[in-house]
Structure formats: structure tokens, C-alpha cells
Amino acid sequence: MISEAKEVAWWRMQEALPAFMCAIFQPFTYSVSNGIFAGISLAVVLFFTTGSFLSYLPGRVKNPGKKLDLSVVNDIKSSGQLGLKKHTSALNIGGSS
């Protein structure tokens, strides 16, 4: 069961927190069903409190938001190092807007 933890996208809190709650509640309550209930409950709460449900309403959201630039993550995966010089312009560090 622990080996499946590497499959969780830990950088996405909406996915990571429910998975963490499942993993923590199961051994402490001695019940798999209580852990699953805790994870699903937190997932539902996060779904509504973060506004993710708006993308499922037809006609409510025209532009759901800016896409996340994953080029930094892809660079880390491919090279194992973060090339900060390449990405400082995207972060607007040390420059004017």
C-alpha cells in the first residue's frame, strides 16, 4: 500500500490531502472504511471550497483560469536540477513588470 503513495500528485493539494487523510486515518482508527470515508469527505469539501465545481456548471465559467506552466517541473524531471536562469523571467524576479 505504501508503494502506491508515489503515484499521488503530492504537489496538487486537492489530490494530496485526501490521500494523506486516507493513509493516516486507516492505521489510527484500525478501519479501512473509516480511512476511505475521511479521504472522500475531505475530497468533497475541497471540491466545493476551492471552486472546482464551477467548471462543471454549464455557462458559468467562460475561462476557468490560466494554465499552470509545468516547464519547470519537466526540467527538474529531465535533468534533476532546476535551471533558475531560464525561469526567472517567467517569475519576474529582479525585474519590473
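To be clear, the structure that these remarks concern was listed above.
Predicted model only: the values in this text are computed from it and were never measured.

Just checking my understanding: could you explain a nonpolar patch on the surface for this structure?
On the surface, a nonpolar cluster with roughly 460 Å² of combined accessible area is contributed by V32, I36, I40, V44 and F48. By secondary structure assignment, the location of V44 is in helix 2 (residues 32-49).

Mind showing me how you'd approach the packing of helix 1 (residues 13-29) against helix 2 here?
Axes are the key here: two packed helices are described by the angle between their axes and the distance separating the axes. Viewed as axis vectors pointing N to C, helix 1 and helix 2 meet at an angle of 155°, and their least axial separation amounts to 7 Å. On the basis of their axis angle, the class for helix 1 and helix 2 is roughly antiparallel. In the packing of helix 1 onto helix 2, the handedness of the crossing is right-handed. In this structure, helix 1 contributes M13, Q14, L17, P18, M21, C22, F25, Q26 and T29 to the contact, and helix 2 contributes V32, N34, G35, I36, A38, G39, L42, A43, L46 and F47. Of the residues assigned to the contact of helix 1 with helix 2, the class counts are 13 nonpolar, six polar and no charged.

Is there a simple way to explain unusual backbone geometry in this structure?
Note on backbone geometry: most residues besides glycine have negative phi, and most peptide bonds are trans. For Y30, which is not glycine, the phi dihedral falls at a positive 60°. Topologically, Y30 is positioned in the loop between helix 1 and helix 2.

Even after reading the chapter, I still don't get helix 2, so can you show me in this structure?
Taking 1.5 Å per residue as the helical rise, helix 2 with its 18 residues ought to reach 26 Å, and the 26 Å between its terminal C-alpha atoms agrees with that figure. All of the buried residues in helix 2 are G35, A38, G39 and L46. Angular distribution of buried residues about the axis of helix 2 spans 95°; they occupy a single face of the element. Set apart from the buried face of helix 2 by more than 90 degrees, the exposed residues are F37 and I40. Here the buried face of helix 2 lies against helix 1. Looking one or two residues beyond helix 2, the residue adopting positive phi is G51, at roughly 85°.

Definitions and limits used
- Residues numbered from 1 in each chain as written.
- Predicted model: local features only at pLDDT ≥ 70, side-chain atom pairs only at ≥ 80, totals over all residues.
- Heavy atoms only, no water.
- Patch = residues over 30% accessible without salt bridge, like charges linked within 9 Å, V, L, I, M, F, W, Y side chains within 5 Å.
- Areas by Shrake-Rupley, 256 points an atom, 1.4 Å probe, with all protein chains shown as cover.
- Salt bridge = Lys/Arg side-chain N within 4 Å of Asp/Glu carboxyl O.
- Helix = DSSP H or I, 4+ residues; strand = E, 2+ residues; numbered from the N terminus.
- Axes fitted to C-alpha atoms, helices over the stretch in contact; angles between N-to-C directions.
- Parallel < 35°, antiparallel > 145°, perpendicular 65-115°, else oblique.
- Left-handed = near helix turned anticlockwise from the far one by under 90°.
- Contact = heavy atoms within 4.5 Å.
- Nonpolar A, V, L, I, M, F, W, Y, C, P; charged D, E, K, R; others polar.
- Expected span 1.5 Å × (residues − 1).
- Buried < 20%, exposed > 50% of the residue type's maximum accessible area, 1.4 Å probe, protein only.
- Arc of directions from axis to C-beta.

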